[in-house]
Amino acid sequence: MDWHQLWTIVSLPDNIPIVGMLFIIPFFTWYALRQARANDRLVERLENDPDMAKTHHRKVQPFKKGWVREVAVWPYLLRMEFLAAIIVTIILMVWSITLDAPLEEPANPSLTMNPSKAPWYFLGLQEMLVYFDPWIAGVVMPTLIIIGLIVIPYIDANPLGNGYYTYKQRRFAIWAFIFGFIILWCSMIVIGTLIRGPGWMWFWPGMTWDHNRLIFEINRDLHEIVGITSQPWIGIFGGLVVGGFMVVAGYACHRIITATEFSRKILGRMSLLQYAIMQGLLIIMLALPVKMAARLLFRIKYVWVTPWFNV
Amino acid sequence: MAEETQVQPDPITTKSYSVHLLVSMLLLLASLVWAIYDEVEIMRPYKDYQARFRAYYSRFLTELQPQQAAKEDAIRQSPEYQQVSGELGTAEEAVRARIAEIDREVGQGVVPRMTSARNAFQILRSEIDAQRYLIEVSHDEGDKESMREDIEEIRARVVEVELPLADGSGGTEELELQYEQLEAEFLGMQERRTKLQAERLEALAEANRLRAERDALMSDRLVGLGATQIDGLIANMRNFDIGIKQIHLLDIDLVDRCESCHLGIREPVEIGPTDLIYPVFQSHPRPELLTIHDPEAFGCSSCHNGNGRATRSVTKGHGRHKFWLWPMYFPENVEAGCHQCHANEIVTPGGETLNMGRELYMNKGCWGCHRFEGYDAEAEELTAVSQELRNLSATHGANAKEMRVNLDLGDTAADGAAAQRYYARAEELRLTNTRLDAEIHNLTMEQANLAQEVKKFGPSLKEIKLKDVKEWIPEWVKNPHEFRPGSKMPVFRLLDEEVQQISAYLWQNALDGELVRQPRGNSERGQELFETRGCLGCHSIGEGDSQMGGDFAANLSRVGEKMNYDYMVRWIHDPSEVTPDPNVPDAMRPRPVMPSLRLTDRESRDIATYLSEQRTDQEYPPAPYMDDPEMAAAGLDAIRHYGCAGCHEISGLEEEGRIGTDLTLEGSKPLERLDFALKTHEAELEGWYSHKGFFERKLENPAVFDEGKEREHLERLRMPNFNLNAEEINALTTFLLGAVETTFPEQYRFEPEDERADVQEGWWIITRHNCTGCHQIRPGNVSSFMTIPRYTDDPDWAEQLPPQLYTEGARVQPDWLAGFLANPALSERDVNRNGVREYLHARMPTFYFSDRQLAKLTKFFMARDSQPVPHMPEAMEALTNAERAIGRQLFVSDAAPCLNCHMTGIPSQDVDATAPNFLIASERLKPNWTYRWMLEPASIAPGTAMPSELFERDGDRWVFAGQIPAQARNYDGDHADLLTRYMFQMDAAELRRLQALQ
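Residues numbered from 1 in each chain as written. Chains lettered and ligands numbered in written order. Predicted model: local features only at pLDDT ≥ 70, side-chain atom pairs only at ≥ 80, totals over all residues. Heavy atoms only, no water.

Visitor: Explain the overall build of chain A here, please?
Guide: When helices and strands are counted, chain A shows 11 helices and 0 strands. In sequence order, the secondary structure elements of chain A are arranged as α-α-α-α-α-α-α-α-α-α-α. Its C-alpha atoms give chain A a radius of gyration of 24 Å, clearly above 19 Å, the size a compact globule of 311 residues would have. Considered along the principal axes of its C-alpha atoms, chain A spans approximately 75 × 55 × 35 Å. Each of the 311 residues in chain A was classed as buried or not, and the buried ones make up 33%. One finds the centroid of the 26 positive side-chain charges in chain A at a distance of 11 Å from the centroid of its 20 negative side-chain charges. (Helix = DSSP H or I, 4+ residues; strand = E, 2+ residues; numbered from the N terminus. Rg over C-alpha atoms; globule rule 2.2 N^0.38 Å. Buried < 20%, exposed > 50% of the residue type's maximum accessible area, 1.4 Å probe, protein only. Lys, Arg positive; Asp, Glu negative; His and termini not counted. Charge placed at Lys NZ, Arg CZ, Asp CG, Glu CD.)

Here it is as structure tokens:
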């Protein structure tokens, strides 16, 4: 266990946000879910007590007698925001006093640093380059992420859950978020920051980042494992595998979408176009962990090799 | 339901957040205060440094001031000072009244009157100027005309002015003046003032001269600053501004804020490391360097490295930071900073560590494997010149062919015009080829010169069959330092089988030849010769405490064990004699480093006999494998692999290149490109992950970065171990650290094109040929001879030291010097002697310099003594017969027994001679130098046997200090000059007359 190495990585000014992220994201996820559950209980109570539902409009906190019906933004919300703003300002002040901007040596065009890392917020993208063709990981995926984020309001057919925390009413959306953002995106940033060392090799925390480390790893394309060697067949075989994955993943997603009465009702409100787009995005999102597993566990480089692109 | 009826306060509307807000606000305020404090104090640590400096330095100066004042007083009390002071007082008194008068007239009369007149005049002139402008811009001739009239009117206007009287009496007069009169009044006063000031200056001239004399007296005698100057410094400290002190050089984009903390660096008072408590405030330890390299023009970090901009902390400012690529040199390597601008030099005055590193690089043979620009430049130039020659010859041939074709075409052309064209083309080609012939001729000469200069670092291995004991060879190859500790041949990490293979190849590919059988000589005479002829200038003998001699060449303590006697005699007699190689012409073979001492056959045999007795009784095991052809074949690969041909001449490997990396810019190689291998992490943890750390460890143990590696034998690091000591490692590290790609523009680099370039060039030849082994060329340089007990202990032998060459350029004539260097015997027939100092046991060897080297060396000595180029002999007045007679008398007078010491070339006379032959003075020496030499020999060559004070001053001439011979008493010329002329016009007849007198 090389504590010195671990401390070097963790204490790097560049990596401080990531170390913070390790604690902050689980905390706020837990905190939001806690509030959501409290609200869910309130909703249940109001549903069972129509009188109360008529007289009391507040949707936060387990409701108590004697509380005001509605709480105004001013001063009650704004004072909290003001307090939060002060605290954040303090944190930023102290941070900027104690940690300098992480400047390094002057760039040398003839000498690439190793490991050569993107800014922390792009490390997820950089990590994706390990698993996909640069064209897929660097262009197609980021574009789809942006498009996917843009289209969320247009494919979200669930009218509930606006303006308050709830889990029950938006179970599907919350799980999609937890899977896509926290499990995939954030963990890839953490991997890129703390795990990837010289040569973009995998170093468990506490291992020495040795520039001379050599590991024996041979990644092969899937068709090589199967034994297909000539081109049209390679492309066709890969296409079939990818197509097969899409069918299976699509079916699995469909099962999840139609798992409960409530979600079937929401599905009923969706047009075919909305459904197709959502399925498409979900399948691609699922493809990432599947490809990661294929690479990390089975050493498969590409599944679908064509003269134009590789998947 | 009971608790539901109970009214609970609404947490959102009732809860007070005042405390939260208050605490947060206080924290915010605190962070703001922290930010300001951080900005003002913590990020600006130099403020504290400056406050301390101001306090300590003021105190230091205040304590220093009375001491200096006391010293000044002591000087003031001295009779010389008093005398000048008195004279000054008298001179000032004499002119005081006149000066006061002038001052009064100028101050109270002339200047006020001039000012008043000028004011009135300027008003009128402004008005006229404005009118003129209107005329210039007007388009109406009529208007112009009327405005001109206006101007005339202004000029004619009479102004009433009140002017002070010019005599300074204080009175005024009222005048009515016109424009021109005012101007005349003003100019008149101006002229008067100039005149009075000139008069004042003249009156004070004598006083000023005396004052300058008095001040010079003070500054000459006072060590350190005067009390007044210190007062000035104290006043400076009172007005000291705390703030960043920086040097900004626009053209190299350099900002150095070093002096924000190192405040004493440039102070005129010498501040020791503890004078101001902290060493940071001390003054620059070598202020003379700052006068050559003014910090305002060069900055600090340009030499020292470090981060000149950083002021946050010592670590950052000194650049001892992972991300700063140019960390400040450590004190032991500080001279590395010189090399980037002095890259053309092998000797940089003042850079002793750096010079030692360069010399080691040259004389440990690093360049055999590692190219470094400037080292072994001759071989590189030879390659280039040979290539150029081949190209030119090819062009020449092609031209000749085209010429013939054109001639043929011309002969068969259809019409006259076409034939003319062909013939013209042929003619043109013929001319081109003529020019090419000249160029080829020049290059061929240069090629011959260069071929004569190329030397391999080690001895030729083509000779070993004749030279060495067969069984000894594998022992040597295996570990040369065991046989000869400190040998320049480094220790390779060879397997036993590699040793055998290499030995076999070398043995089987050495040249066969005939050696003359030599009878044994006299060992005792041999020892005497060996110790006095000059061998010890380069070679050493004896081990441990009894070792003596130079370390430029091999230690010969055990040479008898390894070397064949017959070969040794041949080698000592003439190292340039080589065994002919059927495959390579002699002219193209590298020359040996060893020069010829022009020994006779007998002397050579004596020395060889002595040396062959230098042996232990170690036996060497038989080596039958050395005759096995298969071993030899494998040996070739090993020799290639280990780069033996980098230093040695080896059959079949004449064209072999260097196997090491080019080190010319090694210091600026990115750290990541230096292979720390498995030591990387350790180096980072222990703080030597740096160029310095790498070089030091690599030089100490070249295999260090192989440690722990799993590698095949041939994949391992090849650099052999030189067993360097700590000082040598530090010197080489300094040199390599300084070997950087400079970012400075040309004007910063020391690349002179005048005679200073000759000095730079000369040092290369001097270092390569170890001239400093025998001669002192720079003060402080200790020759090998000066360390030999015989020469240090016995005063008679001290006179036998080879001459100092401090002022050789001023002493001798360049043509003579070139001839002497080419043939130090100065004779074609009697070659076995010293040309100048025959009485010396040590001989100036014949180095077989090329013409180019002779020119370079001559220019070196001339340039170092600022001799004009080209050399123009001084005109010499011919002696009259009377003068010649006086000269003769002086020459042999008892008080100046020149002939007691100086050689004359007559054997009976020269037996006891201990000084150069003055018969050759006229062609060898410069008269001017000779004249100075006779007056003050000790100041030209400290420790010389030539007596000083032979002459004494008499008015504006020098006269003989001893008993003046009768004939010379009436001579009213300069005696030293007369003697010089006498010597330069000496001939054989005169010499006979001289002898007759003795």
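Visitor: Mind showing me how you'd approach the interface of chain A and chain B here?
Guide: Note on interface size: it is often stated as the accessible area lost on association of the parts. Every contact between the two is made by 34 residues of chain A and, on the other side, 36 residues of chain B. Roughly 3100 Å² is buried in total at the junction of chain A and chain B, and carbon and sulfur atoms are behind 67% of that figure. The interface formed by chain A and chain B holds 2 salt bridges in total. Two residues, Asp 100 of chain A and Lys 316 of chain B, come together in a salt bridge whose shortest N-O distance is 3.6 Å. Applying the counting criterion to the chain A and chain B interface returns 6 residue pairs in polar contact (both at pLDDT 80 or more). The set of elements that each furnish at least two residues to the side of chain A that touches chain B consists of α1 (3-10) and α4 (73-98) of chain A. Top element by residues in the side of chain A that touches chain B is α4 of chain A. It accounts for 13 residues. In terms of residue class, the side of chain A that touches chain B is built from 16 nonpolar, 9 polar and 9 charged. (Contact = heavy atoms within 4.5 Å. Buried area = accessible area lost by both parts, 1.4 Å probe. Salt bridge = Lys/Arg side-chain N within 4 Å of Asp/Glu carboxyl O. Polar contact = N/O pair within 3.5 Å; in protein donor to acceptor, adjacent residues only side chain to side chain. Nonpolar A, V, L, I, M, F, W, Y, C, P; charged D, E, K, R; others polar.)

Visitor: Mind showing me how you'd approach the pairing of strand β8 (residues 957-960) of chain B here?
Guide: Two faces make up the sheet, and in a regular strand the side chains alternate between them. Residue and element names in this part refer to chain B. Here 4 bridges tie strand β7 (residues 951-954) to β8, and the two strands are oriented antiparallel to one another. Within β8, the residue paired with Glu 952 across the bridge is Val 959. Where β7 hands over to β8, the hairpin turn is made up of 2 residues, of which Gly 955 adopts a positive phi near 65°. (Pairing = 2+ DSSP bridges.)

Visitor: I'm lost on helix α2 (residues 16-48) of chain A in this one. Help?
Guide: Each α-helix turn comprises 3.6 residues. Residues three or four places apart therefore point the same way. Residue and element names in this part refer to chain A. Look at α2: 48 Å from first C-alpha to last across 33 residues, which is about the 48 Å you get at 1.5 Å a residue. Along α2, the helix axis deviates most sharply at Leu 22, where the bend reaches about 30°; the proline Pro 26 sits within four residues downstream. For α2, the set of buried residues is Pro 17, Ile 18, Val 19, Met 21, Ile 25, Ala 36, Ala 38, Asn 39, Asp 40, Leu 42 and Leu 46. (Expected span 1.5 Å × (residues − 1). Bend = angle between axes of the 7 residues up to and from the residue.)

Visitor: Looking at this structure, how should I read the packing of helix α39 (residues 927-935) of chain B against helix α41 (residues 975-984) of chain B?
Guide: A packed helix pair is summarised by two numbers, namely the angle formed by the two axes and the spacing between the axes. Residues and elements named next belong to chain B. For the pair α39 and α41, interaxial distance at closest approach is 9 Å and the crossing angle is 130°. The angle between the axes of α39 and α41 places the two elements in the oblique class. Here α39 runs over α41; the crossing is right-handed. For the pair formed by α39 and α41, the contact residues are Pro 927, Thr 930, Tyr 931, Met 934 and Leu 935 on the first element and Ala 976, Asp 977, Leu 979, Thr 980, Met 983 and Phe 984 on the second. (Axes fitted to C-alpha atoms, helices over the stretch in contact; angles between N-to-C directions. Parallel < 35°, antiparallel > 145°, perpendicular 65-115°, else oblique. Left-handed = near helix turned anticlockwise from the far one by under 90°.)

Visitor: Honestly, a nonpolar patch on the surface in this entry has me stumped. Any pointers?
Guide: Residues Leu 22, Phe 23, Ile 24, Phe 27, Phe 28, Trp 30 and Tyr 31 of chain A make up a contiguous nonpolar surface patch of roughly 780 Å² in combined accessible area. Looking at where Leu 22 of chain A falls in the secondary structure, it is placed in helix α2. (Patch = residues over 30% accessible without salt bridge, like charges linked within 9 Å, V, L, I, M, F, W, Y side chains within 5 Å. Areas by Shrake-Rupley, 256 points an atom, 1.4 Å probe, with all protein chains shown as cover.)

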